[in-house]
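This is what each chain is made of:
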Amino acid sequence: MSSIPPLGEATLPLPAAESAADTNPSSISDREATKQARRQVVGQRPGSLIIHENSYKPRLFMISYDADVFEEREYASYDELIDYFQRNAHLRHWIDVRGYDDLPLMERIMDDFELHPLQMEDVLGDYQRAKVEEFDEGRLFMVSRMTEFTSNLEIDDDQLSLFTGPNYVLSFQDDYDDCLDSVRQRIRSGRSQIMRRPPMYLAYSLTDVVLDHYFPTMAAIGDYIEHLEELIFRSKRADRRLLGRILQIKKDIVRFRRLVYPERDKIMEVLRLPDDVMPEEMKVFFRDCYDHSVQALDLAESYKESVNSLVELYLSDQSNRMNEVMKVLTIISSIFIPLSFVVGLYGMNFQRENPHGGINYLNMPELYHPLGYPILLGILLLVVVVQLVYFYRKGWLS
Amino acid sequence: MSSIPPLGEATLPLPAAESAADTNPSSISDREATKQARRQVVGQRPGSLIIHENSYKPRLFMISYDADVFEEREYASYDELIDYFQRNAHLRHWIDVRGYDDLPLMERIMDDFELHPLQMEDVLGDYQRAKVEEFDEGRLFMVSRMTEFTSNLEIDDDQLSLFTGPNYVLSFQDDYDDCLDSVRQRIRSGRSQIMRRPPMYLAYSLTDVVLDHYFPTMAAIGDYIEHLEELIFRSKRADRRLLGRILQIKKDIVRFRRLVYPERDKIMEVLRLPDDVMPEEMKVFFRDCYDHSVQALDLAESYKESVNSLVELYLSDQSNRMNEVMKVLTIISSIFIPLSFVVGLYGMNFQRENPHGGINYLNMPELYHPLGYPILLGILLLVVVVQLVYFYRKGWLS
Amino acid sequence: MSSIPPLGEATLPLPAAESAADTNPSSISDREATKQARRQVVGQRPGSLIIHENSYKPRLFMISYDADVFEEREYASYDELIDYFQRNAHLRHWIDVRGYDDLPLMERIMDDFELHPLQMEDVLGDYQRAKVEEFDEGRLFMVSRMTEFTSNLEIDDDQLSLFTGPNYVLSFQDDYDDCLDSVRQRIRSGRSQIMRRPPMYLAYSLTDVVLDHYFPTMAAIGDYIEHLEELIFRSKRADRRLLGRILQIKKDIVRFRRLVYPERDKIMEVLRLPDDVMPEEMKVFFRDCYDHSVQALDLAESYKESVNSLVELYLSDQSNRMNEVMKVLTIISSIFIPLSFVVGLYGMNFQRENPHGGINYLNMPELYHPLGYPILLGILLLVVVVQLVYFYRKGWLS
Amino acid sequence: MSSIPPLGEATLPLPAAESAADTNPSSISDREATKQARRQVVGQRPGSLIIHENSYKPRLFMISYDADVFEEREYASYDELIDYFQRNAHLRHWIDVRGYDDLPLMERIMDDFELHPLQMEDVLGDYQRAKVEEFDEGRLFMVSRMTEFTSNLEIDDDQLSLFTGPNYVLSFQDDYDDCLDSVRQRIRSGRSQIMRRPPMYLAYSLTDVVLDHYFPTMAAIGDYIEHLEELIFRSKRADRRLLGRILQIKKDIVRFRRLVYPERDKIMEVLRLPDDVMPEEMKVFFRDCYDHSVQALDLAESYKESVNSLVELYLSDQSNRMNEVMKVLTIISSIFIPLSFVVGLYGMNFQRENPHGGINYLNMPELYHPLGYPILLGILLLVVVVQLVYFYRKGWLS
Amino acid sequence: MSSIPPLGEATLPLPAAESAADTNPSSISDREATKQARRQVVGQRPGSLIIHENSYKPRLFMISYDADVFEEREYASYDELIDYFQRNAHLRHWIDVRGYDDLPLMERIMDDFELHPLQMEDVLGDYQRAKVEEFDEGRLFMVSRMTEFTSNLEIDDDQLSLFTGPNYVLSFQDDYDDCLDSVRQRIRSGRSQIMRRPPMYLAYSLTDVVLDHYFPTMAAIGDYIEHLEELIFRSKRADRRLLGRILQIKKDIVRFRRLVYPERDKIMEVLRLPDDVMPEEMKVFFRDCYDHSVQALDLAESYKESVNSLVELYLSDQSNRMNEVMKVLTIISSIFIPLSFVVGLYGMNFQRENPHGGINYLNMPELYHPLGYPILLGILLLVVVVQLVYFYRKGWLS
C-alpha cells in the first residue's frame, strides 16, 4: 500500500515520498491523463489489436472447481490450459490471464472464447472506463478499474476485464500482482459460496473485491489530507510545495471520482439486466455492490470538500503571515521613526551665539539646560511606552 | 444535546469545547470519513457478519401492545423474549435490540426473523446510507441515520435499522441511549394512535422521530454559526483557529446534507411502494415526513450559504486588518520621515568660516538667525498639520 | 412596505434602518432559519395540533356573494358564522380566519370542514413550503408564502393556507393585516369576475395576488442593491458593515428563491391536475401565474448575479485602497529617505584638522566651499523633481 | 447599432459612451430588472389591460400579398385596415401594429381577432419571456424578444408578439423601428418563399430574423470584451471603473442568456406541436432556428467564460501592481536606510578630548584619519553596488 | 501538429509561438467566437447558400471500390466525376469535396444528391455543431468537427459534413488537408473492412477517425499545461503574460468540451436510430465511438481541473512573492531604523558646558567616556545579532 510518512516526527521534514514528488515538477498537471491521451492511436482500424509496449508477458492461471473439486494451477502453455478446460466441461473455471504481450495468443483466446474484436481492443487498450456489455445473449463483458494510492501521491489504476460464460469466468489484467487474492483464498478455503454458485457469482465476487479496494485507497488519501492539514498548522513559512501537494491530492480525488462514477453506473446497469441474464438472487448481491459504490462516491465528495477547505486555509495562512510581517515592520517603524526625528532635532546646529556678537536666546535653549538630556530621554521613553500600550490594545503584540 | 458555550461572556474566550477542537489539529479533514473508509474490510465474503470492536453488549427490550394491552420489559435473555413473543402472536411487538456485540445472538435473530445475510451485514456494518428495501413480499427493511451535534463541533450519526413484520417491528441500534424515547412515552401514555394501528405505523413513528431530531441538530449548528459571526465581529486579531472552526462547521453541514439526501430519497421510495405494501392511508403520513425531510435540506442549504458568507467575511476582515496596519505605518512614516529630513538638514556641518579666512555667507545662514529655531519649529508644525488634514480627508484617521 | 432610506442625502450616513441591522451582529447567519429549526417540536404525535406562542387571537371574516348578492362581515363568534354559512348554501363564501390562538376553535373548524389533522398541522405549524394537495376527490389544499422586505433588511414571510370546497374557500393566516385587500376590493366593487365564477377562481385570485406581491419585494431588494452599490462607490473607507449588508441581501435573495421555487412547482402541479378537478378554462389562468412565478425566479437570479458582482467590487475596492495607502508610503519614503541620507552625510564629523597638526584636505572639503550649501540644496531639489517625474510617469500621482 | 469607441486611440481615454456609464453609478445592479419588478401592478384583475405610460401611439401597417399580388400600406385608421382586410380574404396579410397607447383600439383588435384577454395582457405588459401557446385549435401565440447592445453597455430588449391565423399574421411591438425590415425587403422583392407559403412561414421568418439579430448583439459584446482586455493590458493604474464595466458586461451576458433560453425552449415546443398544427415541412425550418438558438447560447457561454477570465486577470493585475509598488519601496529603503545609519554613526559627537585633559584615542579615531571621508564614501558605494546586484539577481530591477 | 516548444531549454525563454500570442493582446477574449458571431448574416432567406469569402476553390476526389475493385482519382470536373459515378452504380463511392468556393457547383451537387437547402446551408455555413439528421428515410446527414491545437495556442476546428446514400458517402470540407488520410490508406491497402461493408461503415470510419484526432489535440494541451506549470515553478517574477496564457488554455479546454459534447450526443442519437436505418451490427461500432467520446470529455474535465489548479498556484505564487518582498523590507528596516535612532541620539548637541559657566554633568556624559564609542559599537552589534536570531527563528532568513 502507500508509504505515507508517519506524522510523529519532530521537525516535520518533507519525507522521501514527497521529495520524489518535488523533483517531479509536474505534479499538478494530470500527467496520467496526458499519457493516456498521447497513447491513443489515430486512424487505426477499429477492432485492430495492439499491444502496448510496456505490457507484461502473459502468464496463464486457472482455478477449476465445483462444490467438491478444487484445482489451481499456472499453466505453462495455453494448449495445456485449453486442453484441461475442454476435458473438464463439468467443472467451473476461472481463467486468469495476467499480461498481454503476446498478440497471437490474445487472438487465439479471442477466437476460442468468441469475443468481439472491439471487446478485445477494450481489454488490451490503454484505458477503458468501467462498463458492462451483454453479448451472445447472456454472456457479460465487464470492465472494472482497480485503484491504488502510490507512494508518490498518485492514484494508480489498472484494468480488470471479465468475460462470463456458461461454466467459466475469463479475466484479463496486465500485471502479475493484483488485489484479487482474497477471492482466491476464499475459493482455496473450500467453504466459499463461490464453489456452490454459478460463475456469475464469481464475477460478482471479483467486482466486489475491486470495489472493496476503493476504501483503503480513500483511507490513504484521508490520512494524507490529515497530514497536510497538520503541516499547514505547524509550518512556519508558506511553502509553495505544500500548495502543490494539496492540489495534487485534489486532482487525485477528482480522478478517483471519475473512476468510480462509471463503476456505479455499471452496477446500476447490471441491476437493470433482464432476469434471465441476471437472476434476482444475484441482483441482491449487486445491489450491495451498488450501495458500496455510492458510499465510495460519498467519501470522495467528503474529501473533496476537505481539500477545498485546505486550500482556503493555506491561502488565508499566507495572508496571515503577510499580516504578521507587516505588523513587525509597523511596530518597529512607528516606534523608532518619531524617536529618530526628535534626536535629529537636537542634532541641529542652530547657533546660540550670533556671529555679530549677540546671543540668540531662542535658538535651542534646551541644549544648555543642565537636565536637558535626562529630560529628553524621559520623554522618549514615554513615547515608546505610549506606543507599546497602543499596539498592545490593538492586539498586535502577541 | 450540544454543549455550545453561551454567547453572553464579556471577553469571549474560546470555550472549552472549542479548545478541545484545537488540540485536535485535524478538524477540517473529514476524520469521520477516513475512519469509515479505513474500517471497510477488504475481500470479505459478502454477507459475512462482523462485529466492530467498539460495539456494545446487546440489551433486549420489547414493548408488546394492542389497543388494550401494554407490556414493556427488558429481557435478560433472547430465549425469554422470543418465548414471550411467540406466545403472544395476537399482540403487536416492538423488539428493540441495543448493542451488537454478540455474534451468535445476531445470527439467531437473523434466522428467526428470516433476514437476508446482506441485510444483517448492513445492520452490523459501520455505515449504511438511509434506504428502504422491500423483501419477502411486503416486509420492509429501513435504515435511518440519527444525528447529533456534539460538543466538539462534529455531527455524530448513529444508525437505526428497522425490519417490519406482520405483527412486529424489529429495530437495531448500537447504543443504549437513543432519540426514540418520545415514541416510547407516547405508547406508554396509552392514548397514542400507535396502539390502534398496524406495525407499519410504528415504523413510521420511529422514522418520523429520527427526522424530527434533525431540527435540533440544525438549530445547534445555526446557533454556533451565530456565535462564530459574533466572534469575527468582535475579535481583534485574525485568528487562524476561527477559520478552522468555520470550515469545520461547513464540513458538518455538507455532511448533514449527505445524510439527509438519502433519507429524503428513502421516503420518496416509500411513497412509490405499491399500495398493497404501503396503503394509501399510511402514505399520507410518509408524505408529511417527506415535507419535513425537504425542509431539513432547505435549512442545510440556508446554513451552507451562511457559512460561505462567514468565510468571505473572515477573509475580507483579514484584508481589512492588513489595511489598518498599513495605514498606521503610512501615517507615521509620512509625517516623520520628511521632518527627519528637515532636522537632518540643519544638522549639516557646512562651515560659515572659510578655512582661508573669509566668511561663507551662503552656508546655512539660517543657523545664525536669532529666530531660526522657533521659525523652523513652526514650519515643522505646519507640515504636520497639513499632513494630518490630508489624512483626515482621506478618512484614514478613524 | 420597506422603509429603505432615500439615496439623495449628501453625506450618505448609514440610515436608521441600517443601524438597526448593525446592533444586530448576526445579520449574516440565517436567524430566521435557526428559529425555524428550533421551533420544530421533536417526537410529537404526527397530526397533533400545537399553537405557537406568538399566535394572534383568531378573528373571523366572511365574504358571501354570488353574481347579485354581496355580504362582507366580521363575525363575533364562529357559531354565528357557521350558522350564516349553512343557511346560505346557495351563495359562495370566502371564510377568512386570521389568527390561530384558539385550539378548540381550530379543531372545530377542522372537523366541520373535514380537514385532515396533518393538513391542519401544516396550517398551524411554523413553516410549510408552498404546496398543493388534492383530497376528498376534488378539494384542494394550497399553501402559499407571502413575502415582504422589512426595514431591517430581512425578508418576512407569512403563510396563507387555502382549502377549496364546492361553494367556499377557507383561508387561514396568522396576521390581521395581509396583502389580500386588493382581492377584497375587487369583490366589493361588484364587477369582478370572481362574483360570476366558481370558488376555484377565488382561490386562483388569492394565489395570484400573493405572487404579484413578490415583485414589490424584489423591487425593494433591487433598490437596496443600487443603494449599496452607490455606497461602495462613494465610501472613503472599507466598511466592514457594508460587506455584512451585502451578504445579508445575498442571503435574502437566496431565501426568496427558496420561497418561490416551491411556489412555481405548486402551480406546475396545479396545471397537471386532471381536468375534472381543475378545468381547462381555470388552467389558462394558472398558466399565467406560472409565467409570473418563473419571472420572479428570473429576477431573483438577476439580483443574485448583481450581489455577487457587488462582493467582487467590494473586495477589489479593499485591495485598491491598500494599493493607494502603499503608494503614499512609497512616494514619501522614496523621496525623503535618500534626501535624509545626503543630509546625514554632511552631518558627519570628519575633521579637517588632524590632531597632529596637519590638514586632512580630503575630509569633506565640500563643507568649506563658499557655495557648498546652496549647491547641495540644488542637488536635493533635482533629486526630488526626478523622482516626482518618475512617479508621475508611473501614474502614481493622481 | 452600438457606438463602441474604436480601439486605435493612443491614450485610450475612456470614451464618451463609457463616461455616460460612469455618471450612472448603478451599472452593476440590474436596473432593468428593478424597473421590471417595480412596474408589476399588484392585485390587478387578471387579464385587465393596462397601457404603460411610455408607450407609443399605435401606427398600423399591413402587407397584403399572395404569389402574385403585393400591397404594403400604413393605414390611417383601424377601420380602413380592417375593411381592406375583410374585403381581401383571399390574400395573406401581415398586420403590423407598432405602439400600444390606445386602449380602446387594443380592445377592439383583441375582440376582432378573438384573442384571450390574458394573451393581450402579455402583449401589452412590460415583460414576457419568449413562449408559444396554441389556442383555438391551430392558432399560435408566439412571443419573441429582440435584443440590441446599446451604446451605454446595456442590452436593450423589446418584445415582438405574434398571432397566427388562417390567412394572416398579426404582430405587435411598442416601437416604430424594428429589426424586421429584412423580412419586409424580402416580401417586397417579390421573389421570397414567403409569397408562396402559408402565413406560418411568415411567422417563422419573423422568428428567424429576431434570432439572427442575437448574433450582432453578441458580436458587439465580443468586441467590447476585447476592448476591455486591451484596456487591462495597457492601463497603468488599477481603475475601479474598469472592473465596474467588466461586471456590467458579465451581467449583460447573463441577461442575454436568460433571454435566449426561453427562446430555445419556445422553438423546442414548436417542434413538439402536433403535425396538423405545425406540419413537418415547416418543422424543418424551425429545426434550423433551434440550431441557431443553441449556437447563440454556446456563444453566450463562451463569452461568460471570457469575462470571468477578465475578472481574474484584473484582480491579479491589481495584485501585481501592489507588488511593484512594494518593490520600489523595498529597494529604496533597503539601500538608503543602512547608508543613513552609517552616516549617522559618524555624525555622533563622541569626544576625542577628555574634559579632564586626556585623549580618548578609541573615540571615533576614523574621524581624524586623513582619508576617513573618501574611504567611507567608497564603502558606501560598495554597499549600494552589492545591494543592486542582489536585487538584480532577484529580478526586482526590471 | 502543434509546434509547442521543447521544455529542456536552460533559460526557459518565452518561445516564438508564445511571443506570437503576446503581440496578440486579445488572447483571452474568445476571438474565434466573436468572429463566428460577426459572420452570421442577418435576415438572410433561410436556406439561401452563401459562400464565405475565404473559402477554397473546390477540388473533387472520389474513391470507388468494392471488395475487389479500387479506383482513386481527383476529377478535373464535376461532369467527369458524376459520369463515372453513374456508370459504376454497382460500386461504392466516397465522393470527397474539398473547398466550397463555387456556388453553382454546390447547387448542382445539392440537386443531384437531393440534399435539402437548409442542409446545404449547414454545410457551407461558418459553424455547425456536430449533429446527425435522418432524411429521405434512411439517409443520414452527419456533421463532425475536426480539432487541432495550433502553434499560437488556439484550438482550430474544421467542419466535416457527411451524407450517406445507398452506395456512396458524400463528404464536404473547406480545406485541402485533413485528418482523414488514415482512412484513405486503409482503403488503399485493400485489406480494410471498409471494402467489404456498406457505405455506412465508411461513414463510421470517418466519424471514428475524427474522434481519434481529439486525443492528440488533448495531449498537446496536456503537454502545454505541464510546460506552464514548470514556468510557474521556475519563473522569478510574476509574469502577467503567464496568467494570460493559463486563461487562454482554460478557454481552449472549455471550447474543446463544447465541441465534443454535441459529438457525444450525436453518437448517442445514432445509437437510438431504428434498426432498419442503423443495423445492430453497425451500432456495435458506434458504441465504441461513444466510449471514445466520453473518454475525450473525461480528459477535458481532467485538464480543466488542472488548469484551475494552475490559476490557484499562480495567484498564491504572486502572494508569496509579495511576502518575500515584505520580508526583505521588514528585516532591513527593523535592523537599521533602531540603530539609526541610537546613532542619532549621540549626534545631539546637548552642551556639557553651561553658557553661564557651570558644567552640565548629566548632559550626555557618555560622549566623554574614553570607551564610549567602542562600547556603543558593541551594543549596536548586539542589537543586530538579537534581531537576526529573532528573524531566523521566525523562518524569515531562508
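Every value quoted in this text rests on a predicted model; they were computed, and no experiment measured them. (Residues numbered from 1 in each chain as written. Chains lettered and ligands numbered in written order. Predicted model: local features only at pLDDT ≥ 70, side-chain atom pairs only at ≥ 80, totals over all residues. Heavy atoms only, no water.)

A look at helix α10 (residues 280–345) of chain A
Taking 1.5 Å per residue as the helical rise, α10(A) with its 66 residues ought to reach 98 Å, and the 97 Å between its terminal C-alpha atoms agrees with that figure. Among the 66 residues that make up α10(A), 56 are buried, leaving the element largely enclosed by the rest of the structure. (Helix = DSSP H or I, 4+ residues; strand = E, 2+ residues; numbered from the N terminus. Expected span 1.5 Å × (residues − 1). Buried < 20%, exposed > 50% of the residue type's maximum accessible area, 1.4 Å probe, protein only.)

A closer look at the interface of chain A and chain B
Listed as interface residues are 78 residues of chain A and, on the opposing side, 73 residues of chain B. Of the roughly 6500 Å² buried where chain A meets chain B, counting both sides, 60% is carbon and sulfur surface. The largest contributions to the chain A side of the interface with chain B come from Gln295(A), Phe341(A) and Phe350(A), which together make up 9% of the buried area. Along the contact surface separating chain A from chain B lie 3 salt bridges. Residues Lys394(A) and Glu324(B) are paired through a salt bridge, measuring 2.5 Å at the closest nitrogen-oxygen approach. There are 19 residue pairs in polar contact (both at pLDDT 80 or more) connecting chain A and chain B. Listing elements by their share of the side of chain A that touches chain B, those giving two or more residues are α6 (181–188), α7 (199–212), α8 (214–234), α10 and α11 (372–393) of chain A. Per element, the largest residue contribution to the side of chain A that touches chain B is 35 residues, and it comes from α10(A). When the residues that make up the side of chain A that touches chain B are grouped by side-chain class, the tally is 33 nonpolar, 26 polar and 19 charged. (Contact = heavy atoms within 4.5 Å. Buried area = accessible area lost by both parts, 1.4 Å probe. Salt bridge = Lys/Arg side-chain N within 4 Å of Asp/Glu carboxyl O. Polar contact = N/O pair within 3.5 Å; in protein donor to acceptor, adjacent residues only side chain to side chain. Nonpolar A, V, L, I, M, F, W, Y, C, P; charged D, E, K, R; others polar.)

Considering the interface of chain E and chain A
When the parts come together, some accessible area is lost, and that loss is often what is quoted as the size of the interface. The partner chain A presents 74 residues to the 77 residues of chain E that form the contact. For the pairing of chain E and chain A, the buried interface totals around 6500 Å² over both sides, and the portion due to carbon and sulfur atoms is 60%. Linking chain E with chain A are 3 salt bridges, by the criterion used here. Our count for the chain E to chain A interface comes out at 19 residue pairs in polar contact (both at pLDDT 80 or more). Of all the secondary-structure elements, those providing two or more residues to the side of chain E that touches chain A are α6 (181–188), α7 (199–234), α9 (280–345) and α10 (372–393) of chain E. Considering each element in turn, the side of chain E that touches chain A owes the most residues, 35 residues, to α9(E). When grouped by side-chain class, the residues that make up the side of chain E that touches chain A number 32 nonpolar, 26 polar and 19 charged.

What about the relation of the copies chain E and chain A?
You can overlay chain E on chain A at an RMSD of 0.1 Å; the transform is a turn of 72° with a shift of 0.1 Å along its axis. Between the two chains, the operation in question is that of a five-fold axis. No C-alpha of chain E approaches the rotation axis more nearly than that of Gly347(E), which lies at 4.7 Å. (Least-squares fit on C-alpha atoms with pLDDT ≥ 70 in both.)

A few points about the sheet that holds strand β4 (residues 131–135) of chain A
Hydrogen bonds along the backbone pair up the strands of a sheet, which may run parallel or antiparallel. Residues and elements named next belong to chain A. Spatial ordering of the open sheet is given by β2-β1-β3-β7-β6-β5-β4, a layout of 7 strands whose pairing is mixed. Each edge of the sheet is formed by a strand with only one pairing partner; in this case those strands are β2 (70–75) and β4. Pairs of neighbouring strands in the sheet enclose a mean axial angle of 15°, with direction left out of account. Where strand β1 (residues 59–65) lies against β2, 6 bridges are found, and the strand directions are antiparallel. The residue of β2 that forms the bridge with Phe61 is Glu74. Set on the sheet, helix α3 (residues 78–87) makes contact with β1, β2, β3 (92–98) and β7 (168–173); between it and β1 the angle comes to about 15°. The strands touched by helix α4 (residues 103–112) are β1, β3 and β7; relative to β7, the strand with the most contacts, the crossing angle is about 155°. (Pairing = 2+ DSSP bridges. Axes fitted to C-alpha atoms, helices over the stretch in contact; angles between N-to-C directions.)

Concerning the pairing of strand β4 (residues 131–135) of chain E
Both β4(E) and strand β5 (residues 139–149) of chain E contribute to a ladder of 5 bridges, which runs antiparallel. Residue Glu133(E) lies in a different strand from β5(E), and its bridge partner there is Phe141(E).

Here's the deal with the pattern of salt bridges
Within the structure shown, the criterion is met by 128 salt bridges over all chains. Two residues, Arg108(B) and Asp79(B), come together in a salt bridge whose shortest N-O distance is 2.8 Å. Of the two residues, Arg108(B) sits in helix α4 (residues 103–112) while Asp79(B) sits in helix α3 (residues 78–87), which places them 29 residues apart along the sequence. Put simply, Asp96(A), Arg98(A), Asp178(A), Asp181(A) and Arg184(A) are held in one network by salt bridges that share partners.

Quick look at the environment of Glu269(D)
All names here are of chain D. Position of Glu269 among the secondary structure elements: in helix α8 (residues 240–272). A residue is classified by how much of its surface remains accessible, and Glu269, at 44% relative accessible area, is partly exposed. Measuring from C-alpha to C-alpha, the distance between Glu269 and Gln159 comes to 19 Å, with 110 residues separating the pair along the chain.

A closer look at the confidence of the model for chain A
Residue and element names in this part refer to chain A. Averaged over every residue, the pLDDT of chain A is 84; residues scoring 70 or more account for 89%. Per-element mean pLDDT across chain A ranges from 40 in helix α1 (residues 16–23) up to 95 in β7. Of the regions scoring below 50 in pLDDT, residues 1–26 engages in 38 contacts with residues more than four places distant in sequence or in other chains. The complex prediction reports pTM at 0.81, with the ipTM value standing at 0.76. (pLDDT = per-residue confidence, 0-100.)

Considerations on the relation of the copies chain A and chain B
Two copies of one chain are present, and they are related through a rotation about an axis combined with an axial shift. Structural alignment of chain A on chain B gives an RMSD of 0.1 Å, achieved by rotating through 72° and translating 0.1 Å along the axis. Take the interface residues of chain A: only 15% of them recur as interface residues in chain B, which is what a contact between different surfaces looks like.

What to know about the pairing of strand β7 (residues 168–173) of chain C
For a regular strand, the rule is simple: side chains alternate between the two faces of the sheet. All names here are of chain C. Of all 6 residues in β7, 6 are buried, a share of seventy percent or more. The two faces of β7 match: Tyr168, Leu170 and Phe172 on one face and Val169, Ser171 and Gln173 on the other face are all buried. One ladder, built from 6 bridges, connects strand β3 (residues 92–98) with β7; its direction is parallel. Paired with Val97 across the strands is Phe172, a residue of β7. The pairing of strand β6 (residues 155–164) with β7 spans 4 bridges and is antiparallel.

Details of the packing of aromatic side chains
In the structure shown here, the tally under the stated rule is 90 aromatic pairs over all chains. A centroid spacing of 5.8 Å and a plane angle of 50° characterise the contact between Phe341(A) and Phe336(B), whose relative ring orientation is tilted. Of this pair, Phe341(A) sits in helix α10 while Phe336(B) sits in helix α9 (residues 280–345), each in a different chain. A relative accessible area of 11% places Phe341(A) in the buried class. An angle of 35° between the planes, with centres 5.4 Å apart, marks the rings of Tyr346(A) and Phe350(E) as tilted. With Tyr346(A) in the loop between α10 and α11 and Phe350(E) in the loop between α9 and α10, the pair connects residues from two separate chains. Grouped by ring-pair contacts, the aromatic residues Phe135(A), Phe141(A), Phe163(A) and Phe172(A) constitute a single cluster. The residue whose ring lies beneath Arg98(A) is Phe61(A), and the NZ or CZ to ring-centre distance is 3.9 Å. (Phe/Tyr/Trp six-rings, centres within 6.5 Å; stacked < 30°, edge-to-face > 60°. Lys NZ or Arg CZ within 6 Å of the ring centre and 35° of its normal.)

So, the side chain of Thr164(E)
All names here are of chain E. Structurally, Thr164 can be placed in strand β6 (residues 155–164). Among the residues examined, Thr164 registers a relative accessible area of 3% and is labelled buried. Residues within four places of Thr164 in sequence aside, it is in contact with Gly138, Arg139, Leu140, Val169, Met200 and Ala203.

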